[in-house]
Amino acid sequence: MGRAIALAAGVRATTSPNPWVGCVIEPGGFGGATQPPGGPHAEIVALRAAGDAAAGATLYVTLEPCAHTGRTGPCADAIIAAGVARVVVGVEDPDERVRGAGIEALRAAGVTVDVGVCAEEVGDQLAPYLKHRRTGRPWVVLKLAATLDGRTSAPDGSSRWITGREARADAHRIRAESDAVVVGAGTVRADDPALTVRDVAGRDPLRVVLGRAPAEARVHPALELSGDLGGVLDELGRRGVLQAMVEGGATVAGDFHRAGLVDRYVLYLAPALFGGDDARPLFAGSGAPTVTDLWRGRIVSVERLGDDLRVECSPA
């Protein structure tokens, strides 16, 4: 299952709106990962690699095999036809077209099925997909970059570049993994960002502006939305967005944070100090009125990127 998880990680930025899934068949070590939309799922890739060796083998897959026909045929049927004896599943698929149907079909055909191996790790890897299928909304990643004293730009509004090349490349990796990138109209007017993927391989996400962007802005073509942020996420979910990366300024960041809509905070900290209270903070607007009202989360990871630190945090 560990190798299946690694194979899935290798296709993270290419499979959406399908889930990024890995599969390994033992003995033989035949592996596969989900191909871009319209291509074969991970199980089919691995079965094709294994050929006749799949008969009597054990198939490890990070997500429950599908049992319905979409752009491709049911993976459960292919596993049964290949004569696989045992299937080990990381997590069940909450998609309403699956929801245990794949597991039931395998067991009905006499295949031994074990569920829940490395479930926590697989659940973390597939978190955007799982949330979308359960709630209809995308997984929200809020990306922030700041100095050690928590400031994102100078009093005059200048902010390029607080962090170094390695941190900026990592942020572009997250952008490449996201189906949409969200900014406020104020950020578009102030910085005129293109919001395309650079420094790493990957496709450009859907560009979403909260409000109206100037007609000549580089962000176009963009989806312009307004109103309640929950409604914005509902609309993005309807459009098949599994992960939305929020890259707006302090106002948009504060709005998402206070609404409790952020699933993952990614903060890049540079070894730099503005040294005063007039530079712009991470969030605009009112914060916790007392220490007992502090938002508290859980640090998921800390990584050094060049001279900067990448701190990943989730709600507690």
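Our subject is the structure listed above.
A brief look at the structure comes next. (Residues numbered from 1 in each chain as written. Predicted model: local features only at pLDDT ≥ 70, side-chain atom pairs only at ≥ 80, totals over all residues. Heavy atoms only, no water.)

Overview of unusual backbone geometry
And step 1. Cis peptide bonds are those with omega within 30 degrees of zero, and the linkage from Ser16 to Pro17 qualifies with 15°.
And step 2. Along the chain, Pro17 falls in the loop between helix 1 (2-9) and strand 1 (22-26).
And step 3. Positive phi, normally seen in glycine, also occurs at Arg99, with a value near 40°.
And step 4. Mapping Arg99 onto the fold places it in the loop between strand 4 (86-91) and helix 4 (101-108).
And step 5. Of note, Asp192 is a non-glycine position whose phi angle comes to about 50°, a positive value.
And step 6. Relative to the elements of secondary structure, Asp192 occurs in the loop between helix 8 (185-191) and strand 9 (206-210). (Helix = DSSP H or I, 4+ residues; strand = E, 2+ residues; numbered from the N terminus.)

A look at a nonpolar patch on the surface
And step 1. Together, Ile299, Val302 and Leu309 make up an exposed nonpolar region whose accessible area comes to about 270 Å².
And step 2. Checked against the element boundaries, Leu309 lands in strand 15 (residues 308-315).
And step 3. Judged by relative accessible area, Leu309 falls into the partly exposed class, the value being 35%. (Patch = residues over 30% accessible without salt bridge, like charges linked within 9 Å, V, L, I, M, F, W, Y side chains within 5 Å. Areas by Shrake-Rupley, 256 points an atom, 1.4 Å probe, with all protein chains shown as cover. Salt bridge = Lys/Arg side-chain N within 4 Å of Asp/Glu carboxyl O. Buried < 20%, exposed > 50% of the residue type's maximum accessible area, 1.4 Å probe, protein only.)

Quick notes on the nonpolar core
And step 1. Formed by 39 residues in total, the largest nonpolar core has its most connected members in Leu47, Leu59 and Val87.
And step 2. Looking at this core, the elements with two or more residues in it are helix 1, strand 1, helix 2 (42-50), strand 3 (58-63), helix 3 (75-82), strand 4, helix 4 and helix 6 (127-135).
And step 3. Take this core: its biggest share by element is five residues, from helix 2.
And step 4. Look past the residues within four positions of Leu59 in its chain and what remains in contact with it is Cys23, Val24, Ile25, Glu43, Leu47, Ile79, Val84, Arg86, Val87 and Val88.
And step 5. Of all hydrophobic cores here, the second largest spans 28 residues; its members include Leu142, Val182, Leu236 and Tyr265. (Core = buried A, V, L, I, M, F, W, Y, C linked by side-chain atoms within 4.5 Å. Contact = heavy atoms within 4.5 Å.)

A closer look at the sheet that holds strand 15
And step 1. Within the open sheet, the eight strands sit side by side as 10-9-8-11-6-12-15-14. Their pairing is mixed. Each end of this open sheet is capped by a strand with a single partner; those strands are strand 10 (223-225) and strand 14 (297-305). On average, each strand axis in the sheet is tilted by 25° relative to the strand beside it, whichever way the strands run. (Pairing = 2+ DSSP bridges. Axes fitted to C-alpha atoms, helices over the stretch in contact; angles between N-to-C directions.)

Structural notes on the layout of surface pockets
And step 1. Size it by volume and the largest pocket reaches roughly 1,100 Å³.
And step 2. Surrounding the largest pocket, 41 residues form its lining, Lys143, Ser159, Thr187, Asp191 and Glu247 being those nearest its centre.
And step 3. Elements with a contribution of two residues or more to the lining of the largest pocket: strand 6 (139-147), strand 7 (151-153), helix 7 (165-177), strand 8 (180-184), helix 8, helix 10 (250-258) and strand 13 (280-281).
And step 4. For the lining of the largest pocket, the element with the most residues is helix 7, which contributes five residues. (1 Å grid on protein atoms, 1.4 Å probe; cavity = no way out; pocket = protein on both sides within 12 Å on 5 of 7 lines; lining within 4 Å. Points joined across faces, edges and corners; volume = space filled by probe spheres on them.)

Focus on helix 10
And step 1. Turning to helix 10, its buried residues number three or more, namely Val252, Ala253, Gly254, Phe256 and His257.
And step 2. Residues of helix 10 that are buried sit in contact with strand 6, strand 8, strand 9, helix 9 (229-238), strand 11 (243-246) and strand 12 (264-270).

Thoughts on the packing of helix 2 against helix 3
And step 1. With their axes 9 Å apart at the nearest point, helix 2 and helix 3 run at an angle of 20° to one another. Between helix 2 and helix 3, the crossing angle belongs to the class labelled roughly parallel. Where helix 2 crosses over helix 3, the two elements pack in a sense that is left-handed. In this structure, helix 2 contributes Glu43, Ile44 and Leu47 to the contact, and helix 3 contributes Cys75, Ala78, Ile79 and Ala82. (Parallel < 35°, antiparallel > 145°, perpendicular 65-115°, else oblique. Left-handed = near helix turned anticlockwise from the far one by under 90°.)

As for the sheet that holds strand 4
And step 1. Here five strands make up an open sheet; going across it, the order is 2-1-3-4-5 and the pairing mixed. Looking at strand neighbours, the two that pair on one side only are strand 2 (30-33) and strand 5 (112-115), the edges of this open sheet. Pairwise comparison of adjacent strand axes, ignoring direction, gives a mean angle of 15° for this sheet.
And step 2. Inspection of the sheet shows strand 1 paired to strand 3 by four bridges, in the antiparallel sense. Within strand 3, the position partnered with Glu26 by the bridge is Thr58.
And step 3. Against the sheet, helix 4 touches strand 4 and strand 5, its axis set at about 150° to strand 5.

A short note on the packing of aromatic side chains
And step 1. Taken as a whole and judged by the stated rule, the model has one aromatic pair.
And step 2. Taking the centre distance of 4.9 Å and the plane angle of 55° together, the rings of Tyr265 and Trp295 count as tilted. Within this pair, whereas Tyr265 is found in strand 12, its partner Trp295 is found in the loop between strand 13 and strand 14, the two being separated by 30 residues in sequence.
And step 3. For Tyr265, a relative accessible area of 9% gives the class buried.
And step 4. By relative accessible area, Trp295 is classed as partly exposed at 37%. (Phe/Tyr/Trp six-rings, centres within 6.5 Å; stacked < 30°, edge-to-face > 60°.)

Regarding the pattern of salt bridges
And step 1. All told, the structure shown has 20 salt bridges when counted by the stated rule.
And step 2. In this structure, the salt-bridge partner of Arg218 is Asp192, at a minimum N-O distance of 3.8 Å. Placement of Arg218 in the loop between strand 9 and strand 10 and of Asp192 in the loop between helix 8 and strand 9 is noted, with a sequence separation of 26 residues between them.
And step 3. You can call Arg218 partly exposed: its relative accessible area is 45%.

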